[in-house]
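# Residue-level structural notes
As a plain string of letters, each chain reads:
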Amino acid sequence: QVQLVESGGGLVQPGGSLRLSCAASGSISSINVMGWYRQAPGKQRDLVAVMSRAGTTNYREFAKGRFTISRDNAKNTVYLQMTSLKPDDTAVYYCNADGVGDYFGRRFWGQGTQVTVAS
């Protein structure tokens with residue numbers, strides 16, 4: 001089993017910054033790609049950014065130039081640095097990990113952390 005725990009969400013004014021963290025525990029050898037998704041009220045969950053152990057990244061268009069995903073494999077932790085935040089960024093942000101090996105095809109999710117961007 002894999003457990004994911006997010007932290008770092010909160011209330012921020014437009015133009016501000018936040019740094020989200022996600023720590024993985026359990027069968028960490030059974031995951032490779034990790035990243036972030038978000039879900040606003042009434043909307044479907046949407047990809048923000050993902051990153052493999054080797055460093056390959058993929059960003060949704062709205063995140064390019066403002067958000068940066070990074071990863072510390074020694075700490076089994078993935079981060080999302082968010083800058084120039086907009087009200088449209090308001091959502092619950094979820095950490096995700098994709099299984100490999102015996103866990104191929106499985107997806108693991110954290111509990112989510114709320115990000116609110118408002119004046």
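Residues numbered from 1 in each chain as written. Predicted model: local features only at pLDDT ≥ 70, side-chain atom pairs only at ≥ 80, totals over all residues. Heavy atoms only, no water.

This brings us to the sheet that holds strand β1 (residues 2–7). Reading across the sheet, the four strands line up as β1-β3-β8-β7 and stay open at both edges, with antiparallel pairing between neighbours. Lying at the two open borders of the sheet, with one neighbouring strand each, are β1 and β7 (67–72). Here the average twist between neighbouring strands, direction ignored, is 15°. (Pairing = 2+ DSSP bridges. Helix = DSSP H or I, 4+ residues; strand = E, 2+ residues; numbered from the N terminus. Axes fitted to C-alpha atoms, helices over the stretch in contact; angles between N-to-C directions.)

Buried residues dominate strand β5 (residues 46–51), accounting for five of its six residues. As defined by bridge partners, strand β4 (residues 31–39) adjoins β5 across five bridges and the pair is classed as antiparallel. Within the sheet, the bridge partner assigned to methionine 34 lies in β5 and is methionine 51. Two successive antiparallel strands, β4 and β5, enclose a turn made up of six residues, where glycine 42 displays a positive phi of approximately 80°. As judged from the three bridges shared by β5 and strand β6 (residues 57–59), these two strands associate in the antiparallel manner. Bridge pairing links valine 50 to asparagine 58 in β6. What sits between β5 and β6 in their antiparallel hairpin is a turn of five residues, with glycine 55 showing a positive phi close to 110°. (Buried < 20%, exposed > 50% of the residue type's maximum accessible area, 1.4 Å probe, protein only.)

Turning our eyes to something else, we now look at the packing of aromatic side chains. The full count for this structure, using the stated rule, is two aromatic pairs. Taking the centre distance of 5.2 Å and the plane angle of 70° together, the rings of tyrosine 37 and tryptophan 109 count as edge-to-face. Of the two residues, tyrosine 37 is situated in strand β4 and tryptophan 109 in strand β10 (residues 107–109); the sequence distance between them amounts to 72 residues. Classification of tyrosine 37 as buried rests on a relative accessible area of 12%. Taking relative accessible area as the criterion, tryptophan 109 reaches 32% and is therefore assigned partly exposed. The ring of phenylalanine 62 has arginine 38 lying over it, and the distance from NZ or CZ to the ring centre is 3.7 Å. (Phe/Tyr/Trp six-rings, centres within 6.5 Å; stacked < 30°, edge-to-face > 60°. Lys NZ or Arg CZ within 6 Å of the ring centre and 35° of its normal.)

With that settled, the discussion passes to the side chain of arginine 71. Structurally, the position occupied by arginine 71 is in strand β7. Despite being buried, arginine 71 has no salt bridge partner; aspartate 72 is the closest side chain of opposite charge, sitting 8.6 Å away. Looking at arginine 71, its side chain comes within polar contact range of the main-chain oxygen of asparagine 32, at 2.6 Å. At a separation of 2.7 Å, a polar atom in the side chain of arginine 71 contacts the main-chain carbonyl oxygen of methionine 51. Apart from the residues within four sequence positions on either side, arginine 71 is in contact with Asn32, Val33, Met34, Met51, Ser52, Arg53, Thr77 and Val78. (Lys, Arg positive; Asp, Glu negative; His and termini not counted. Salt bridge = Lys/Arg side-chain N within 4 Å of Asp/Glu carboxyl O. Polar contact = N/O pair within 3.5 Å; in protein donor to acceptor, adjacent residues only side chain to side chain. Contact = heavy atoms within 4.5 Å.)

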